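Structural characterization, general
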Amino acid sequence: MNTSFKAFRIHAIDGVITRKIEPIQLDLLSPGNVLIKVAFSSINYKDALVSKGLNNIVRAWPRVSGIDFTGTVVESSDARFGPGDEVLVNGCGIGVDHDGGHAEFARVNADWVMKLPDGLDLLETATIGVAGYTAGLALDLMELNGLSPQNGPVLVTGATGGVATIAIDMLAQRGYQVTAMSGKSNEVEYLKNLGASEVIERLSSGSTFKPLEKAQWAGAIDSVGGSTLSWLTRVMQVNGVIAAFGNAGGAELETTVLPFILRGVRLIGVNAGSPMDIRQKIWSKIANEYRPIHLKEIANVIKLEELGHHMDLTLAGESKGRIVIDMGK
Ligand SMILES: NC(=O)c1ccc[n+]([C@@H]2O[C@H](COP(=O)([O-])OP(=O)(O)OC[C@H]3O[C@@H](n4cnc5c(N)ncnc54)[C@H](OP(=O)(O)O)[C@@H]3O)[C@@H](O)[C@H]2O)c1
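Rules behind the numbers
- Residues numbered from 1 in each chain as written.
- Predicted model: local features only at pLDDT ≥ 70, side-chain atom pairs only at ≥ 80, totals over all residues.
- Heavy atoms only, no water.
- Axes fitted to C-alpha atoms, helices over the stretch in contact; angles between N-to-C directions.
- Helix = DSSP H or I, 4+ residues; strand = E, 2+ residues; numbered from the N terminus.
- Parallel < 35°, antiparallel > 145°, perpendicular 65-115°, else oblique.
- Left-handed = near helix turned anticlockwise from the far one by under 90°.
- Contact = heavy atoms within 4.5 Å.
- Nonpolar A, V, L, I, M, F, W, Y, C, P; charged D, E, K, R; others polar.
- Core = buried A, V, L, I, M, F, W, Y, C linked by side-chain atoms within 4.5 Å.
- Buried < 20%, exposed > 50% of the residue type's maximum accessible area, 1.4 Å probe, protein only.
- Domains from an automatic or database assignment.
- Near = heavy atom within 4 Å.
- Polar contact = N/O pair within 3.5 Å; in protein donor to acceptor, adjacent residues only side chain to side chain.
- Areas by Shrake-Rupley, 256 points an atom, 1.4 Å probe, with all protein chains shown as cover.

Take the packing of helix α2 (residues 122-144) against helix α3 (residues 162-173) next. The interhelical angle for the contact between α2 and α3, taken along N-to-C directions, is 55°, at an axis separation of 8 Å. Looking at the two axes, α2 sits oblique to α3. Regarding α2 and α3, the two cross each other, and that crossing is right-handed. The segment α2 lies against α3, with T127, I128, A131, G132, T134, A135, G136 and L139 engaging G162, V163, I166, A167, M170 and L171. Split into classes, the residues belonging to the contact of α2 with α3 amount to 9 nonpolar, 5 polar and no charged.

This is how it looks when you write it as structure tokens:
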């Protein structure tokens, strides 16, 4: 295939980061043994950082961003995949060390490719993406650590974000009582429609510091980190479980050992960069017992031309739900 196609590509020239949609040919993409026509990709927080060259995430430029996508195999020299297979690729370095999903075509290593989970289509799977995978992995790890609906309410922070909206949907479907914490007071109805029974305001930065406070939550899914995660350690019930994966509000963690030794609080780190056997297990749960039912309300489907604007909204904390890019036929 030697026709040109559109890609959202980020360049670093003399230390200056620029990004644009440009026509490229296959030989400009990172090498790989599976060529995929991208159907849908999305914006994750990491993509927004990459698009501005922030946090030294990308070491070699130019780079096509996009840490997840779904699509159809065009050609493969690996026997596990053949033309016409509908597949997904999440993480594995795409959009960071290897060109990603924000282009009409992607070329990747077969070891990173998964067939679409039974019962989910290309748009649904892309709407879930790395964000929904992270929510599913967090829920699985929390349940392995004793969380169940009868233990009490679960708090989801950064509630209008990509991971959080899908987490709220999954938790509610599974019978949990969900409280959403958000900085967007105008999105209370949206969050309730996804399954939150209550919406509370984001913490103000000047909250007081006591080693332990009133025990409120059986579980917490935290996108925010920083002072929010510090506070969470102090307000969990006995044996409460926190899944920590995000730093949208900060990377520091100030706490004491008291929540852990007096209340048995379990602080679990969640990293979506799982090996393939874990990915298969979690995606199967997402397609079945964790299945979100509000994906249409969570997805805002945009065109590639709108990607830069939505990356900026994501960086400013102003986006809502999942931004999904329709790469066209
Ligand atoms: N560990 C992993 O493997 C992994 C995987 C996926 C994502 N992540 C991380 O998880 C976090 C969430 O990802 P995402 O894709 O859901 O991001 P997102 O869609 O941008 O959502 C983040 C949400 O956090 C809240 N927020 C933003 N800035 C904030 C601030 N300064 N203080 C407090 N809250 C703030 C906002 O929600 P409200 O306005 O509703 O409060 C925002 O919608 C990011 O830090 C991302 O890098 C990690």
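Generally speaking, a soluble globular protein has its nonpolar side chains buried in company with each other. By size, the foremost hydrophobic cluster in this structure holds 81 residues, and its most contacted members are I36 and I168. Of all the elements, α2 adds the most residues to this core, at 11 residues. Looking at which domains feed residues into this core, each of domain 1 (5-116 + 294-326) and domain 2 (130-269) gives three or more. Of all hydrophobic cores here, the second largest spans 12 residues; its members include L155, L232, V235 and M236.

Around the ligand, a shell composed of 24 residues is seen, among which T160, V163, S182, K184 and A272 lie nearest. Residue A248 places a main-chain N or O atom 3.3 Å away from an oxygen atom belonging to the ligand. For the ligand, whose accessible area on its own is 920 Å², the fraction buried by protein is 84%. Among the residues making up the shell around the ligand, the classes are represented as 8 nonpolar, 14 polar and 2 charged. When we break the shell around the ligand down by domain, the ones giving at least three residues each are domain 1 (5-116 + 294-326) and domain 2 (130-269).

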